[in-house]
Amino acid sequence: MKKTVIMMIILGMVLSYSCKKDREVSTSISGQLRTNGTEDPIKMSVELQRPKVILYERTDQVGYTGSGYREFAKTSVDEYGKFSFQEDLKNNELYFLGVEGLDTTIYWELDHYGWWNMAYNGDMNVIDPGKDNSKILYISAKSWIRPRFINTNTDVNNQDGFKYLSGLSTIFSIIDPNYNPINGIYFNGSVDTLLGTIHKTWSGQYATGYADGIWQRYHHVEGKLTRNGITRDTNIFYFVPPFDTTIVEIRY
């Protein structure tokens, strides 16, 4: 009887270990860090250590609503911003990538919560266990824009109205003292207006970026367009080049 009990315990331990191992699958992860808005590898200072790519594992199991996670693995990128992992990961578990150690004089560095938000929204940094994962992580550069609002109506006598409400990032400097961002700006008729403000923001268009700590998913302005007597809410998307101050055309 005693031998039977011992054998059952051993068998139970073996089955438990086997079930645990069955949940783990060999997973390859590779990719590159690129500057958002381009297909170029990120810029790295020779005076700083190279950035590290972090593999996070979700630690709470309630759908995708929580934010519990831990660092599972970490690796440095090479001189071209490339990275790779080979790990045993659990099936039906959420894993995602993040980055630390960027040159923050020229790049916005997302915190843990920012990378988690990207994973929560099903973005480019989610890892599929058991598969070959090739990931390009686009890193948003610090950029500045000067907005130019252009009415695209070909009728030079049109009476279009556009009221800008929101969407431009933090104001870096004000050239025109009459500009009042709180009350919005109203454009009437056939206009081509270059604003007297410079806005600090992030490069690219649709990927996640930071502007003075505000987490954003894409560049756009929101406003109300009145055309042919009809007023409607309008979203206008725009693209921002990296690293420099650029005049950005916002056409409505």
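Now for a look at the structure at hand.

What counts and what doesn't
Residues numbered from 1 in each chain as written. Predicted model: local features only at pLDDT ≥ 70, side-chain atom pairs only at ≥ 80, totals over all residues. Heavy atoms only, no water. Core = buried A, V, L, I, M, F, W, Y, C linked by side-chain atoms within 4.5 Å. Buried < 20%, exposed > 50% of the residue type's maximum accessible area, 1.4 Å probe, protein only. Helix = DSSP H or I, 4+ residues; strand = E, 2+ residues; numbered from the N terminus. Contact = heavy atoms within 4.5 Å. Phe/Tyr/Trp six-rings, centres within 6.5 Å; stacked < 30°, edge-to-face > 60°. Lys NZ or Arg CZ within 6 Å of the ring centre and 35° of its normal. Pairing = 2+ DSSP bridges. Axes fitted to C-alpha atoms, helices over the stretch in contact; angles between N-to-C directions. 1 Å grid on protein atoms, 1.4 Å probe; cavity = no way out; pocket = protein on both sides within 12 Å on 5 of 7 lines; lining within 4 Å. Points joined across faces, edges and corners; volume = space filled by probe spheres on them. Nonpolar A, V, L, I, M, F, W, Y, C, P; charged D, E, K, R; others polar. Polar contact = N/O pair within 3.5 Å; in protein donor to acceptor, adjacent residues only side chain to side chain.

1. Some thoughts on the nonpolar core
One broad trend across soluble globular proteins is that nonpolar side chains are buried collectively. If you look at the biggest cluster of nonpolar residues, it comprises 30 residues, and the most contacted ones within it are Leu33, Leu55, Phe83 and Leu97. Counting residues per element, the ones that place at least two in this core are strand S1 (24-35), strand S2 (52-58), strand S4 (82-90), strand S5 (95-100), helix H2 (112-120), strand S6 (126-127) and strand S7 (132-139). Those residues in contact with Phe83 that sit more than four places away from it in its chain are Ile29, Ser30, Gly31, Gln32, Leu33, Val53, Thr75, Val77, Leu97, Lys135 and Leu137. Judged by nonpolar contacts, the second largest core, of 17 residues, contains Ile145, Leu168, Leu195 and Ile250.

2. Details of the packing of aromatic side chains
The full count for this structure, using the stated rule, is 10 aromatic pairs. Against the face of Phe243 rests Lys43, its NZ or CZ located 4.1 Å from the ring centre.

3. Here we look at the sheet that holds S7
Taken in spatial order, the three strands of this open sheet run S4-S1-S7, and their pairing is mixed. Only two strands of the sheet have a single neighbouring strand rather than two, namely S4 and S7. Mean inter-strand twist for the sheet, computed between neighbouring axes without regard to direction, equals 25 degrees. With nine bridges connecting them, S1 and S4 associate as antiparallel partners. Across the sheet, Val25 pairs through a bridge with Leu89, a residue of S4.

4. What about empty space enclosed by the protein?
Applying the stated criterion across every chain yields a total of two cavities of 30 Å³ or more. Considered as a void within the structure, the second largest cavity measures approximately 40 Å³ in volume. Lining the second largest cavity, in full, are Lys43, Met44, Ser45, Leu48, Gln49, Pro51, Gly101, Leu102 and Asp103. Grouping the amino acids of the lining of the second largest cavity by side-chain chemistry returns four nonpolar, three polar and two charged.

5. Remarks on H2
Each α-helix winds once per 3.6 residues, and so residues spaced three or four apart point in a common direction. Inspection of H2 places Gly114, Trp115, Trp116, Asn117, Met118 and Ala119 among the buried residues, and these make up the whole buried set. Between a side-chain oxygen at the N-terminus of H2 and the backbone nitrogen of Gly114 the separation is 2.7 Å; the capping residue is Asp111.

6. Points about the pairing of S2
Within S2, six of the seven residues are buried, which leaves the element mostly enclosed by the surrounding structure. Of the strand pairs in this sheet, S2 and strand S3 (residues 69-76) are connected by seven bridges, and their pairing is antiparallel. Bridge pairing in S3 places Lys52 opposite Ser76. The pairing of S2 with S5 spans six bridges and is classified as antiparallel. Directly across from Val53, in S5, lies its bridge partner Val99.

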